[in-house]
Amino acid sequence: AALQPLADEKGLTLTLRTPDAPVVIRSDARALGQIMINLVSNAIKFTAQGSVDVRLISDPETGERRITVADTGPGIDPGDLVRIFDAFERGREGIRSSTEGTGLGLHISRKLGELIGAQVRVQSMVGVGSTFTVELPDRCATQEEAA
C-alpha cells in the first residue's frame, strides 16, 4: 500500500497475489518488510511502463514458501547479475545515469535475507523484465536470534 502511489505516478499496474488460505510466516517482520520495500521500490523505479507483480507462493505439501517481485522493466544484463547484490552497484550505464539511487538496496536485501535465513535470488532477461525471489525457510530467524 505504501508503494502504490509511486506505481500510480508512473502509470504502472501494481498487483499483489496471495493464496486463498492464510500463510503464517515466522520471521523478523522489520527485516522481511525492508527486503520487500527494497525489491518492490526497485521494480517500480526501474520499470517505465507495464507492471510490477508481487506474489506470495505457499505449498503446504512441500512447505515451500516464497515471495516473488516480477517487473516488466528493462531487465538486467547477464554480466551484471553477478554483481548487482554488491554494495554500491547499480547495473548497466544507461540505467544508472537515468535513475537515482545509491546501489545499496539489493545489497541490504541480500544481507537481511541471510540474517533471517532466507535466500534472495534474481532471474532476468534484457528487454523483458526481472523477477526477484525471496525463498523463505520453514522458520526464519528473528532479529534477536540473528544477532
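Parameters and conventions
Residues numbered from 1 in each chain as written. Predicted model: local features only at pLDDT ≥ 70, side-chain atom pairs only at ≥ 80, totals over all residues. Heavy atoms only, no water. Pairing = 2+ DSSP bridges. Helix = DSSP H or I, 4+ residues; strand = E, 2+ residues; numbered from the N terminus. Axes fitted to C-alpha atoms, helices over the stretch in contact; angles between N-to-C directions. Buried < 20%, exposed > 50% of the residue type's maximum accessible area, 1.4 Å probe, protein only. Phe/Tyr/Trp six-rings, centres within 6.5 Å; stacked < 30°, edge-to-face > 60°. Lys NZ or Arg CZ within 6 Å of the ring centre and 35° of its normal. Salt bridge = Lys/Arg side-chain N within 4 Å of Asp/Glu carboxyl O. Core = buried A, V, L, I, M, F, W, Y, C linked by side-chain atoms within 4.5 Å. Contact = heavy atoms within 4.5 Å.

## Thoughts on the sheet that holds strand E1 (residues 13-17)
Sheets are built from strands that pair by backbone hydrogen bonding, the pairs being arranged parallel or antiparallel.
Okay, step 1: The strand order across the open sheet built from 5 strands is E1-E2-E3-E5-E4, with neighbouring strands paired in mixed fashion. At either end of the open sheet lies a strand with only one pairing partner, and these are E1 and strand E4 (119-125). Strand-to-strand twist in this sheet, taken as the mean axis angle between neighbours without regard to direction, amounts to 10°.
Okay, step 2: Both E1 and strand E2 (residues 51-58) contribute to a ladder of 5 bridges, which runs parallel. Looking at E2, one finds that Leu-14 is bridged to Val-52.

## Some details on the pairing of strand E5 (residues 129-136)
Okay, step 1: A large share of E5 lies buried, amounting to 6 of its 8 residues.
Okay, step 2: Here 6 bridges tie strand E3 (residues 65-71) to E5, and the two strands are oriented antiparallel to one another. Paired with Thr-68 across the bridge in E5 is Thr-133.
Okay, step 3: Pairing between E4 and E5: 7 bridges, direction antiparallel. Pairing of Gln-123 across the sheet is with Thr-131, part of E5.

## Here we look at the packing of aromatic side chains
Okay, step 1: One pass over the structure, following the stated rule, counts 1 aromatic pair.
Okay, step 2: Taken together, a centroid distance of 6.2 Å and an interplanar angle of 75° make the contact between Phe-85 and Phe-132 edge-to-face. In this pair, Phe-85 sits in the loop between E3 and helix H3 (93-98) while Phe-132 sits in strand E5, placing the two residues 47 residues apart along the sequence.
Okay, step 3: Assessed through its relative accessible area of 8%, Phe-85 is described here as buried.
Okay, step 4: The exposure class of Phe-132 is buried, given its relative accessible area of 9%.
Okay, step 5: A cation over a ring is seen here: Arg-110 above Phe-85, with NZ or CZ 3.7 Å from the ring centre.

## With respect to the pattern of salt bridges
Okay, step 1: This model, assessed by the stated rule, comprises 6 salt bridges.
Okay, step 2: Salt-bridge contacts for Asp-53 lead to Arg-17; the nearest nitrogen and oxygen are separated by 2.6 Å. Taken together, the positions of Asp-53 in strand E2 and Arg-17 in strand E1 put the pair 36 residues apart, joining distant regions of the chain.
Okay, step 3: You can call Arg-17 partly exposed: its relative accessible area is 40%.
Okay, step 4: Through salt bridges that share partners, Arg-17, Asp-53 and Arg-55 make up one connected network.

## Describing the nonpolar core
Okay, step 1: Counting residues in each nonpolar core, the largest one holds 28 residues, and the members touching the most others are Ile-67, Val-69, Phe-132 and Val-134.
Okay, step 2: Broken down by secondary-structure element, the contributors of at least two residues to this core are helix H2 (29-46), E2, E3, helix H4 (105-116), E4 and E5.
Okay, step 3: The leading source of residues in this core is H2, at 8 residues.
Okay, step 4: Other than its neighbours up to four places away in sequence, Ile-67 contacts Leu-32, Met-36, Val-54, Arg-55, Leu-56, Phe-132, Thr-133, Val-134 and Leu-136.

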